[in-house]
Amino acid sequence: MLNLSLNDILNAEFSLYENNPVLKNPPNSFVIADPSVLTPDKSPDGKWHLFCHTFFGVYRYVSDDGISFSRAQKIVSRAMRPNINLIDGRYYLFYERTRPVIFNALSLIGLKWRSEIYCTESDNLSDWTEPYPVIKKTRDFEEYKGGYSISNPFLIKNGSIYRLYYSCGQTFIKDCGFCEPTHISFAESESISKDYVSRTSPIISPDKSIEYLNLCSGCLKVYRLSDCYIGLQNGIYEKDGKSHSAIMLLKSTDGISFEFVKPFLVPQKCANSNWMAQYVYACCLTCYEGKLRLYFNARNVSDNLRGRESIGIFEGKIK
C-alpha cells in the first residue's frame, strides 16, 4: 500500500528525468525492458535494486541513487517481465517463463509462442531458489491461434489473499512485426507460491471505441492507495496508421473494475533523443522519502531492425 490518496497522485508535479534513459539496451540485445524496483528501505543493503529483462533473461541492477545503475547479476534465463516482491522478509521474483531463445526467435516466423508465470525466491537478492511454476494456462482467453501466453505478473495482497495480475493472449502488431498481450486478468490464492485460481474472464480487453485501447491491452500495475486502487496500464493503440503505447491512469474501488482517469505518460520526442517517440510501455511506481518515481521502458520506433527499448524515469513531487 502507498500512503497516498488519489488526489496526491493527481496533484503531484511529474516531469521526465533530464538525462533519460537511465539504462540503454546492452550490445547483445535490442531491448532492456519491464523494470521492477526495490527502494532502499526494502533492500538488504540499503541500495536501489532494479530488475528487468533483455533477450537473454532477467537481470538485477544496483544503484546508490536509483539513477546510475550497474549490473550485478543475471537471475534466470528464459525469462521476461519480472515483478519483485518483499513479503515477510523474503523476496519473491515472479516472471514470464518462455521457451529457449531460439524458439522465441522462431516465433517471429510462425512458431507457436508458449509462456507461463514462474517464481524464484531469495533471502538476500543474490542466492535464488530453483524456479517453479505459479500460473499455467487454464482459460480459453489465454490462448490465441499461435499458442498461448501468460505474462506481465504483478502481485498485490488483499487481506489474506494474494492476487496476481497478468496479461494473456497475443495480438499481432503489424508495423512492429511482433505480438503484444491481448487481455488482462488475475489469479488468486491463499498461498503466495501455489494454488492460484485464474479468473474466468478478463478484466480488461481491447475496445475499438477507446482511444488508448483499440489494439490490445498491454499490461497493468495495481497500487492500493488510502482511498482507492489505481492502475497504470500501457494500452496498445493505433493512431494515424501507426501503433503506439501509452501509460494510462485508472482507478478502482475493488482492484477489479477499473475506470479511465487520464493519460499518465505518452510517447514524445525529447530534446536530445527520440528514445520514447512511439511507445511507452511497462512501468513500476515507487515512493521513497516523499518522492515518486515511475520507472518505465520505452521504444523509439516500431521497425524491428531500428527499434530499441530503454528504461527511463518519470519523477513526481508530492504537493
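For the structure, check the block above.
Throughout what follows, the structure given in this document is the object of discussion. Position numbers for residues start from 1 in each chain and track the written sequence from start to end. A pLDDT threshold of at least 70 governs which residues receive local features in this predicted model, and a stricter bar of 80 or more applies before side-chain atom pairs are shown or counted, although totals over entire chains, interfaces and linings include all residues. Values reported for side chains reflect all heavy atoms of the structure, with hydrogen atoms and water molecules removed beforehand.

Section: the pairing of strand β6 (residues 79–87)
Partly exposed describes any residue whose relative accessible area lies between the buried limit of under 20% and the exposed limit of over 50%, with all areas from a 1.4 Å probe on protein chains only and scaled to the type maximum. The numbering of helices and of strands both runs from the N terminus, where a helix is a DSSP run of H or I of at least 4 residues and a strand a run of E of at least 2. Judged by how many residues are buried, β6 sits mostly within the fold: eight of nine residues are covered. The pairing of β6 with strand β7 (residues 90–97) spans seven bridges and is antiparallel. Looking at β7, one finds that leucine 86 is bridged to tyrosine 91. Between β6 and β7, which pair antiparallel one after the other, the connecting turn spans two residues, and aspartate 88 there sits at a positive phi close to 50 degrees. A pair of strands is labelled paired if DSSP reports no fewer than 2 bridges between them.

Section: the pattern of salt bridges
We define a salt bridge as a contact between a side-chain nitrogen of Lys or Arg and a carboxyl oxygen of Asp or Glu at a distance within 4 Å. Taken as a whole and judged by the stated rule, the model has nine salt bridges. In this structure, lysine 319 engages glutamate 13 in a salt bridge whose closest nitrogen and oxygen atoms are separated by 3.6 Å. Taken together, the residues span a long stretch of sequence, with lysine 319 in the segment after β24 (309–317) and glutamate 13 in strand β1 (residues 13–16) at a distance of 306 residues. Lysine 319 gets classed as exposed once you look at its relative accessible area, which sits at 68%. We classify glutamate 13 as partly exposed; its relative accessible area is 46%. In the salt-bridge network here, residues are joined through shared partners; they are Arg90, Glu121 and Asp123.

A closer look at the sheet that holds strand β4 (residues 57–63)
Through backbone hydrogen bonds, the strands of a sheet pair up, either in parallel or in antiparallel fashion. Spatially, the four strands line up as an open sheet ordered β2-β3-β4-β5, and their pairing is antiparallel. The two strands at the open ends of the sheet, each matched to only one other strand, are β2 (33–38) and β5 (70–76). Adjacent strand axes in the sheet meet at a mean angle of 25 degrees when their direction is disregarded. In the sheet, β2 pairs with strand β3 (residues 48–54) via four bridges, with the strands oriented antiparallel. Residue leucine 38 lies in a different strand from β3, and its bridge partner there is histidine 49. Each axis is a line fitted through C-alpha atoms, and for a helix only the stretch in contact is used; angles between axes span 0 to 180 degrees, taken between their N-to-C directions.

Observations concerning the packing of aromatic side chains
Each Phe, Tyr or Trp ring, with Trp reduced to its six-membered ring, pairs with another whose centre is within 6.5 Å; inter-plane angles below 30 degrees give stacked pairs, above 60 give edge-to-face pairs, and intermediate values give tilted ones. Per the counting criterion, the structure on display carries 14 aromatic pairs. An angle of 25 degrees between the planes, with centres 5.0 Å apart, marks the rings of phenylalanine 14 and phenylalanine 314 as stacked. Of this pair, phenylalanine 14 sits in strand β1 while phenylalanine 314 sits in strand β24; the two residues are 300 residues apart in sequence, bridging distant segments of the chain. We note that phenylalanine 14, like phenylalanine 314, is buried. Three or more aromatic residues joined by ring pairs make a cluster, and in this case those are Trp48, Phe69, Tyr288 and Tyr295. Only when the NZ of Lys or the CZ of Arg is both within 6 Å of the ring centre and within 35 degrees of the ring normal is a charge said to sit over the ring. It is arginine 293 that lies over the ring of tryptophan 48; its NZ or CZ is 4.7 Å from the centre. Positioned above the aromatic ring of phenylalanine 30 is the side chain of arginine 308, whose terminal nitrogen or guanidinium carbon lies 3.9 Å from the ring centre.

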